[in-house]
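Structural features, examined
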Amino acid sequence: MTDASAPPDAPQPASGPGRRRAPGPGRSRWLAAGGVAVLAGVLGLTLALRAGATPACAAPLGVVAPFGVAVPAAAPPVGGTVHKGKATFYDSKGAGGNCSYPSAPANRLYVALGPSEYAAGAACGGHLDVTGPKGTVRVLVMDQCPECAPGHLDLSREAFARIADPVQGVVSVSYRAVVDPPLPGPLAFRIKEGASRYWFAVLVADHGNPLRAVEVRQGDSGGWRAADRQDYNYWLVESGVGPGPFSIRVTDVHGHRVTAGGVRLTPGQVQRGTVRMYGGATAGGGRPATRSASPRPSASPSPRASSPRPSPSAAPASAGPSAPVAPVVPLAAEAPAAGCRN
């Protein structure tokens, strides 16, 4: 998880404390033949990446990478489609992962996804039902596994134990996104440290489905400003929105849209609204959010520990943001065992 909470007049580091490291330098494969065209393609890709171009894992579907390899689109699992893959497990050591949550959920049922399914934070806060040899478990998407290929789920140790014997280390699974899971309550908002009238970033919690868009405006009228999703799960308006209070309009991937009003510019505090993302009479009410103090930040990020079994999770985990958020998105205990089977 990248912190990147500095106001616009401070430099934004490419990486910072608590961010899970991207995979180490890959092994370069050079062709002994193939001509100048192949070499130019490789050099062009290298220059594009150094210039900050979108990585291959986020390329649109149908784009052909060098050497003719098709690149899938980066997108979170949505819509209830059943996917096949494999699962390993790891221990976050209590950290909340790349999604900037302060800690693992209380039931410790969570999952880290590979870059193509984590999709630069688009999967954060969603839920998956994962079925293995022993049954099905519902997990919160809270982390990224940089080295995991599409279809590879890195579950918490506790979640893995619900679907398979941990001594196996790796098992075949099927999984699908949960559509409209039960909500723990109204939406919650946390303004990031360093925010001001000139630089705005907010984390939205307790939304159930993955989010598609967040928009912000000063007060209860005026134009909406679209916020940009960051890969650490905050929504950013680089030039700021004003001194607040704000109205925040949230849209999820299934088209649910609600507006919460009265969100104040109080960095580091969780503000609990009265508006549910769906399924509640308060949706769209826009009443002011209430505030609660945020716990003190941890002294240092907690590394992600790999499992002693054959799990690829040797890369360190990201910790939560510099000041944690209140508990985010409690989960249902467990889905029925038949829910994800073909």
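Residues numbered from 1 in each chain as written. Predicted model: local features only at pLDDT ≥ 70, side-chain atom pairs only at ≥ 80, totals over all residues. Heavy atoms only, no water.

**Focus: the overall build of the protein**
Keep this limit in mind: Strands are runs of DSSP state E lasting at least 2 residues, helices are runs of H or I lasting at least 4, and numbering of each runs from the N terminus. In what follows, residue pairs with any heavy atoms lying within 4.5 Å of each other are defined as contacts. Where accessible areas are quoted, they stem from the Shrake-Rupley method and a 1.4 Å probe; at the residue level, only the protein chains shown are allowed to cover.
If you tally the helices and strands in the protein, you get three helices and 17 strands. Expressed as a percentage of contacts within the protein between residues at least 6 apart in sequence, the contacts between residues at least 24 apart total 72%. Element-wise, carbon and sulfur atoms account for 57% of the exposed surface of the protein, whose accessible area totals about 15,200 Å².

**Looking at the confidence of the model for the protein**
Stated formally: Residue-level confidence of the predictor is summarised by pLDDT, bounded by 0 at the bottom and 100 at the top.
This prediction gives the protein a mean pLDDT of 72; 61% of its residues lie at or above 70. Confidence drops under pLDDT 50 across residues 1–71; counting only partners more than four residues distant or on other chains, this segment forms 94 contacts. Note that pLDDT drops below 50 for residues 291–342; the model gives that stretch 165 contacts with residues more than four away or on any other chain.

**Observations regarding the pattern of salt bridges**
A pair can form between side chains of opposite charge whenever their charged atoms are brought close. Heads up, the rule is: By salt bridge we mean one thing: a side-chain nitrogen of Lys or Arg within 4 Å of a carboxyl oxygen of Asp or Glu. Exposed residues in this analysis have more than 50% of their type's maximum accessible area, buried residues have under 20%, and partly exposed residues fall in between, with area computed by a 1.4 Å probe over protein chains only.
For the structure shown, the criterion picks out seven salt bridges. A salt bridge links K93 to D91; the shortest N-O distance between them is 4.0 Å. Between R138 and D129 there is a salt bridge, with its nearest N and O atoms 2.8 Å apart. D129 carries the same exposure label as R138, and that label is buried. Members of the salt-bridge network, linked through shared partners, are D91, K93, R108 and E158.

**Focus on the sheet that holds strand 13 (residues 246–252)**
Basically, it comes down to this: Any two strands with at least two DSSP-identified bridges between them are counted as paired.
Spatially, 10-9-13-14 is the arrangement adopted by the four strands of the open sheet, whose pairing is antiparallel. Two strands in the sheet have a free side with no partner beyond their single neighbour: strand 10 (225–226) and strand 14 (257–263).

**Topic: unusual backbone geometry**
The linkage connecting G244 with the following residue, P245, adopts the cis geometry, with an omega of -5°. Its location among the elements puts P245 in the loop between strand 12 (235–237) and strand 13. Even without glycine at this site, R108 takes up a positive phi of about 60°. Assignment of secondary structure puts R108 in the loop between strand 1 (83–91) and strand 2 (110–113). One non-glycine residue, D206, lies in the positive phi region at around 65°.

**Remarks on the state of the cysteines**
Where we set the bar: For the purposes of this analysis, a disulfide is any pair of cysteine sulfur atoms at a distance within 2.5 Å.
Evaluated as defined, the whole model comprises two disulfides. At a sulfur-sulfur separation of 2.0 Å, the disulfide partner of C99 is C124. Here the S-S torsion is close to -85°, and the disulfide linking C99 with C124 is therefore left-handed. Highlighted residues: C99 in the loop between strand 1 and strand 2 and C124 in the loop between helix 2 (115–118) and strand 3 (127–132), separated in sequence by 25 residues. When its relative accessible area of 0% is taken as the criterion, C99 is described as buried. What pairs with C145 in a disulfide is C148, and their sulfur atoms sit 2.2 Å apart. Between C145 and C148, the disulfide has an S-S torsion of 65° and is therefore right-handed. The pair formed by C145 and C148 is uniform in burial state, with each residue classed as buried. Sequence-ordered numbering of the bonded cysteines in the protein gives a disulfide pattern of 1-2, 3-4.

**A short note on the packing of aromatic side chains**
Centre-to-centre distance and the angle between the planes together describe a pair of aromatic rings. The criterion, for reference: Aromatic contacts are taken between Phe, Tyr and Trp rings whose centres are within 6.5 Å, Trp giving its six-membered ring; a plane angle under 30 degrees counts as stacked, one over 60 as edge-to-face, and the others as tilted. Charge-over-ring placement is defined geometrically: NZ (Lys) or CZ (Arg) within 6 Å of the ring centre, and within 35 degrees of the ring normal.
Per the counting criterion, the structure on display carries four aromatic pairs. Ring geometry for F89 versus F160: centroids 4.9 Å apart, planes at 50°, classification tilted. Of this pair, F89 sits in strand 1 while F160 sits in helix 3 (residues 157–163), placing them 71 residues apart in sequence. The exposure classification of F89 matches that of F160, with both residues buried. Judged by centre distance (5.8 Å) and plane angle (75°), the rings of Y90 and Y110 are edge-to-face. With Y90 in strand 1 and Y110 in strand 2, the pair connects residues that are 20 residues apart, well separated along the chain. No difference in accessibility class separates Y90 from Y110, as the two residues are buried. Note that K192 overlies the ring of Y234, its terminal NZ or CZ placed 4.5 Å from the centroid.

**Brief notes about the pairing of strand 3**
With six of six residues buried, strand 3 is to be regarded as a mostly interior element. Burial along strand 3 is two-sided: H127, D129 and T131 and L128, V130 and G132, pointing in opposite directions, are all buried. Examined bridge by bridge, strand 3 and strand 4 (residues 135–144) share six bridges and lie antiparallel to one another. Residue pairing across strands places T131 opposite T136, the latter belonging to strand 4. Counted between consecutive antiparallel strands, the loop separating strand 3 from strand 4 contains two residues. Of the strand pairs in this sheet, strand 3 and strand 6 (residues 171–177) are connected by four bridges, and their pairing is antiparallel. Residue T131 lies in a different strand from strand 6, and its bridge partner there is S174.

**Considerations on the side chain of D206**
The condition that has to hold: Distance and chemistry together define a polar contact, namely a pair of N or O atoms within 3.5 Å, with one atom able to donate a hydrogen and the other to accept it when in protein, and with adjacent residues in sequence counting only for side-chain atoms on both sides.
Relative to the helices and strands, D206 is located in the loop between strand 8 (200–205) and strand 9 (211–218). Look at D206 and you get buried, because its relative accessible area is 1%. Engagement of the side chain of D206 in a polar contact is seen with the side chain of R272, the distance being 2.3 Å.

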